[in-house]
Amino acid sequence: MAELFRMPAVAADAATAVLSAWQVAEGASFTKDDALVSIETDKAEVDVSAERDGVLLKALYEAGVEIEVGDPIAVLGTAGEQTGDLDALLAELGVAAPAEARQAVRRDVPEEPAAPAPSAAPTLSLAPASREPDRGGRIFSSPLARRLAREAGLGIEALTGTGPGGRIVRRDVEAAVAAGRAQATEPPAPPAPAPVPRATTPAAPASAAGTGDHEDIPHTRMRRAIARRLTESKQHTPHFYLRATCAVDELLALRQRINAVSPVKISVNDLLIKAVATAHTQVPEMNAVWQPDAVRRFRTVDVSVAIATDTGLVTPVLRGIENLSVSAIATRTRAFAERARSGGLVPADLEGGSITVSNLGMYGVEEFAAIINPPQAAILAIGAARDEAVVRDGAVTAAKVLGVVLSVDHRPVDGAVAARWLAAFTEAVENPVRLVV
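Definitions and limits used
Residues numbered from 1 in each chain as written. Predicted model: local features only at pLDDT ≥ 70, side-chain atom pairs only at ≥ 80, totals over all residues. Heavy atoms only, no water. Salt bridge = Lys/Arg side-chain N within 4 Å of Asp/Glu carboxyl O. Helix = DSSP H or I, 4+ residues; strand = E, 2+ residues; numbered from the N terminus. Buried < 20%, exposed > 50% of the residue type's maximum accessible area, 1.4 Å probe, protein only. Expected span 1.5 Å × (residues − 1). Contact = heavy atoms within 4.5 Å. Pairing = 2+ DSSP bridges. Axes fitted to C-alpha atoms, helices over the stretch in contact; angles between N-to-C directions. Left-handed = near helix turned anticlockwise from the far one by under 90°. Nonpolar A, V, L, I, M, F, W, Y, C, P; charged D, E, K, R; others polar.

Chemist: Give a detailed account of the pattern of salt bridges, specifying residues and quantitative values.
Modeler: Following the criterion strictly, the structure yields eleven salt bridges and no others. The partner of Glu26 in a salt bridge is Lys58, with the nearest N and O atoms 3.6 Å apart. Taken together, the residues Glu26 in the loop between β2 (16-22) and β3 (29-30) and Lys58 in strand β6 (residues 54-59) connect sequence positions 32 residues apart. Residue class for Glu26 comes out partly exposed when judged on its relative accessible area of 40%. Two residues, Asp249 and Arg392, come together in a salt bridge whose shortest N-O distance is 3.5 Å. Taken together, the residues span a long stretch of sequence, with Asp249 in helix α7 (residues 249-261) and Arg392 in strand β17 (residues 378-392) at a distance of 143 residues. With a relative accessible area of 30%, Asp249 lands in the partly exposed category. The exposure class of Arg392 is partly exposed, given its relative accessible area of 38%.

Quick look at the structure:
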């Protein structure tokens, strides 16, 4: 029996979402847990799976339309079911006819650019790779891979997937683009030389539009959300900042000893995340967020980790890390990083937490102050470890030190509380054996 498929609430606070792409064609059948549609929210792009077997009888919206949560987006049916009079069916189900239903306002999603005029420049050509179709010719791919393929002008069917089960992932698109560029760089045969007249006056500079001396990148929904949230944070969250320098010689030595025997490789950032959990346990007043009517204090330590992706910065949340080993933290962080860069995060991964860890040390940045990710109460900005002269027991000696800056929301957290937290963090970093016992 035909039924409506409605825009799901993939994020707790989202009133609308963008229908990024249909994963099933009209009239095609699907089975339970197959991806039906890709949905983009302010925080992530996710695939929505089917709850049972069926057929996509009619898609009510095209890709790229922003739709309110709960509105019908498709008509689903059972295998072998015929639509008959579609208008009558939609009227029976209580929705507008397709011609009216598709009249939605597109927002935050750029229109497809017009095709450029033909030129003599070399063109990219990618022959469809030989692949075995899955489930009646369907091709499985991650949301990020589909987006990158669209931006590069590639058909997803022309790519060969190297992900699980032949799924097309980001690296497959990047490899195809690189192969096309290599083909395009083969120079054509040079034309016969022609006489060049002597210029009598300097050539006028071409206009920006003619030479393409700049490129306007349309804002994605995610980029707009990042801009809005961080602007609101600086405008409405009273930040204050505390700085500290931690000696990390023992931390680096401990990491080396752990990695010599551990099957899971531990990074410095994994140890620092564990130090954040230790400090939160010792100073529970920091494990809180500001609410309109109360300060909400959490019973578990949930920490966001800033991960840079091609589409923007995401902050998935590691939950209950006060009870996790350093190797478990490392495993979960790497899994988040892989899912973030392949477009596999879901909104639930990004919700919660009272503090974020942002590390730019791998880029050689010595120190920076980060903007708090609301509604969290703090963000710890971590710089690079460096050699410095320090005084120990009255003598000057060389040591590895690391600078951190703690940005704090002054509404739920007072300066003295933040100072005690930073002292506890520094103690855990400088005496790291506490992180593994």
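Right, picking up where we left off after that structure.
Chemist: Hey, could you go over helix α9 (residues 326-341) for me, with residue numbers and the actual values?
Modeler: Between its first and last C-alpha, α9 extends 23 Å over 16 residues, near the 22 Å set by a 1.5 Å rise per residue. Against α8 (268-282), β12 (303-305), β13 (307-309), β14 (312-314) and β15 (317-318) lie the buried residues of α9. Just downstream of α9 lies Gly343, where phi reads positive at about 80°.

Chemist: Let's hear about unusual backbone geometry: which residues, and what values?
Modeler: In most cases, non-glycine residues show a negative phi, while peptide bonds are predominantly trans. Here the amide bond leading from Pro374 into Pro375 is cis, since omega sits at 5°, within 30 degrees of zero. Looking at where Pro375 falls in the secondary structure, it is placed in the loop between β16 (355-359) and β17.

Chemist: Now, about the pairing of β16: what can you tell me, with residues and values included?
Modeler: Look at any regular strand and the pattern is simple: side chains alternate between the two faces of the sheet. The buried fraction of β16 is high, at five of five residues. Direction of pairing for β12 relative to β16: parallel, over a ladder of three bridges. Note on β16: the bridge partner recorded for Val305 is Val357. In terms of strand pairing, β16 meets β17 through five bridges, oriented parallel.

Chemist: I'd like a rundown of α8, residues and numbers included.
Modeler: For α8, with 15 residues, the first-to-last C-alpha span of 21 Å sits near the 21 Å given by 1.5 Å per residue. With respect to burial, α8 is a largely interior element, twelve of its 15 residues being buried. Among all positions in α8, only Asn269, Asp270, Leu271, Leu272, Ile273, Lys274, Ala275, Val276, Ala277, Thr278, Ala279 and His280 are buried.

Chemist: Report on the environment of Gly153, specifying residues and quantitative values.
Modeler: Note that Gly153 resides in the loop between α3 (143-152) and α4 (170-184). Taking the C-alpha atoms as reference points, Gly153 and Val177, separated by 24 residues in sequence, lie 9.5 Å from one another.

Chemist: An account of the packing of α7 against α8 is needed here, citing residue identities and associated values.
Modeler: Taken N-terminus to C-terminus, the directions of α7 and α8 make an angle of 115°; their axes are 10 Å apart at the nearest point. The handedness of the crossing between α7 and α8 is right-handed. Only Val268, Leu271 and Leu272 of α8 make contact with α7, whose side of the interface consists of Leu251, Leu252 and Arg255. Looking at the contact of α7 with α8 residue by residue, the class counts come to five nonpolar, no polar and one charged.

Chemist: A description of the sheet that holds β16 should follow, citing residues and the corresponding values.
Modeler: If you walk across this open sheet you meet the six strands as β9-β18-β17-β16-β12-β15, and the pairing is mixed. Two strands in the sheet have a free side with no partner beyond their single neighbour: β9 (239-247) and β15. In this fold α8 packs onto β12, β15, β16, β17 and β18 (395-409), with an angle of close to 155° to the strand it touches most, β16. The sheet strands contacting helix α10 (residues 415-430) are β9, β16, β17 and β18, and the helix crosses β9 at an angle near 20°.

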